[in-house]
Amino acid sequence: MLDRRALLAGVASLALTLSACGLESDASEAGSGSDAEGATVGVAMPTRASDRWLTDGKSVVSNLKTKGYKAKLVYGDDDPKAQVAQIEKLIEQGVSALIIAAIDNRSLNGVLKKAADAKIPVIAYDRLILGTKNVDYYVSFDNEMVGRMQAHYIIEKLGLEDGKKGPFTIELFAGSPDDNNTKYFFAGSMALLQPFLDDKQLVVPSGQTELDKITTLRWDGPTAEKRMSGILAKYGTQQLDAVLSPYDGISRGVLAALHSNGYGTAGRPLPVVTGQDAELESVKSIIAGQQAQTVYKDVRRLADAAVTVVDDILNDRIPWVDNSVGYKNGVKAVPAVLLQPTSVDKTNYDVLIKDDYFTEDELK
């Protein structure tokens, strides 16, 4: 079998030439018959505080098992130092590959150097790992498209392209400053919203429009609730028409602040509040007419894509990528596999049932 690090270096070069882009569980061997049959893959997920990441972890392990691998799954519980220690232990245990959803995308340089020295390939899962050459592939959704879907929903619901001049009020929220996806979501949203801000059809009464002013550390709902409450305290009788929220947990925090400030009545309807990840609680909120929209990313497909990349690497095949030049981590362009998301609101949430993502009973 070839030296996999040498193979990956060659693959990256070829792609650039050809392209325009604390819990452990063991999955038992399933007998795929591949050259790497029975190898163990380390899976490091960021938190158990979100249903989304619990689903990711379960799905990655299940897909690894189906392809004949074992898995060691760990959760960092939003502690970057704990995640580094967990990955270090996985390396010491001799895993054949690592799938990592980083908590802090700049904290892993040292431990990934150890992975490289041990010739362990690294797949960045949904969050691009920055500042190191020792990340081999990135598997995610098209994150700028997520932001565009959220912005388009606001534009459509406010009728901004239908001649409704406003001005309409909007407040902007962004994800965690240590998550590289945050800038992609924001860039996608602002590509559509900025023209309406420029011509004053949309106004931000708080004045907080720069990315570094609107981030939400660790994507934390209570943090978003506190910020939204502070903004609303200065509104007086002014009505808020829309909130750009990048993630369902942040959306729920925003909605809690809105309800505490008298929104959600006939006289003071809720603004349009976007979201992401189609978390169960937020989908129920959409059905109930509270949160307006979410972006559905079927993480089971993401897990399958990540495991396919691992399987290709461990069997000395060149993984398929969608973009080998566009996702730069400060040191290199990381070859990326990108999946397409779906915008979901009250009119089409049944797609989640059709996809067996949720059952009808779960959404009651």
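Right above here is the structure, for reference.
1. Side note on the pairing of strand β2 (residues 70-75)
Then comes step 1: In terms of burial, β2 is a largely internal element, 5 of the 6 residues being buried.
Then comes step 2: One ladder, built from 6 bridges, connects strand β1 (residues 40-45) with β2; its direction is parallel. Considered in β2, the bridge of T40 is made with K70.

2. Points about the layout of surface pockets
Then comes step 1: Empty space within the largest pocket amounts to approximately 410 Å³.
Then comes step 2: What lines the largest pocket is a set of 26 residues, and nearest its centre among them are S50, W53, R218, W219 and Y247.
Then comes step 3: Elements supplying a minimum of two residues to the lining of the largest pocket: α2 (51-66), α6 (181-198), α8 (221-232) and α9 (248-260).
Then comes step 4: Taken together, the residues of the lining of the largest pocket sort by class into 8 nonpolar, 7 polar and 11 charged.

3. Topic: the pattern of salt bridges
Then comes step 1: Counted by the stated rule, this structure contains 17 salt bridges.
Then comes step 2: For D179, the salt bridge identified is with R127, shortest N-O distance 2.9 Å. Within this pair, whereas D179 is found in the loop between β6 (168-172) and α6, its partner R127 is found in the loop between β4 (122-125) and β5 (137-141), the two being separated by 52 residues in sequence.
Then comes step 3: The partner of D312 in a salt bridge is R317, with the nearest N and O atoms 2.9 Å apart.
Then comes step 4: Note on R317: relative accessible area 39%, which makes it partly exposed.
Then comes step 5: Beyond isolated ion pairs, a larger network of salt bridges with shared partners links R52, D56, D126, D277 and K297.

4. Some words on the nonpolar core
Then comes step 1: Core analysis: the largest hydrophobic core is formed by 33 residues, its most contacted members being M45, V60 and Y125.
Then comes step 2: At the level of secondary structure, the elements contributing two or more residues to this core comprise β1, α2, β2, β3 (97-100), β4, β5, α11 (299-314) and β11 (336-339).
Then comes step 3: Among the elements that make up this core, the one with the highest residue count is α11 (9 residues).
Then comes step 4: Apart from the residues within four sequence positions on either side, V60 is in contact with V43, M45, I99, Y125, A303 and V307.

5. Quick notes on the sheet that holds strand β9 (residues 272-273)
Then comes step 1: The strand order across the open sheet built from 4 strands is β7-β6-β8-β9, with neighbouring strands paired in parallel fashion. Strand pairing shows two members of the sheet lacking a second neighbour, β7 (202-203) and β9, which therefore form its edges.
Then comes step 2: Inspection of the sheet shows β6 paired to β7 by 2 bridges, in the parallel sense. In the sheet register, F168 faces β7, and the bridge partner there is L202.

6. With respect to the side chain of D126
Then comes step 1: With respect to the helices and strands, D126 occurs in the loop between β4 and β5.
Then comes step 2: The exposure class of D126 is buried, given its relative accessible area of 2%.
Then comes step 3: Apart from the residues lying within four places of it in its own chain, the contact partners of D126 are R52, W53, Y138, V139, S140, F141, N181, K297 and L302.

Conventions adopted
- Residues numbered from 1 in each chain as written.
- Predicted model: local features only at pLDDT ≥ 70, side-chain atom pairs only at ≥ 80, totals over all residues.
- Heavy atoms only, no water.
- Buried < 20%, exposed > 50% of the residue type's maximum accessible area, 1.4 Å probe, protein only.
- Helix = DSSP H or I, 4+ residues; strand = E, 2+ residues; numbered from the N terminus.
- Pairing = 2+ DSSP bridges.
- 1 Å grid on protein atoms, 1.4 Å probe; cavity = no way out; pocket = protein on both sides within 12 Å on 5 of 7 lines; lining within 4 Å.
- Points joined across faces, edges and corners; volume = space filled by probe spheres on them.
- Nonpolar A, V, L, I, M, F, W, Y, C, P; charged D, E, K, R; others polar.
- Salt bridge = Lys/Arg side-chain N within 4 Å of Asp/Glu carboxyl O.
- Core = buried A, V, L, I, M, F, W, Y, C linked by side-chain atoms within 4.5 Å.
- Contact = heavy atoms within 4.5 Å.

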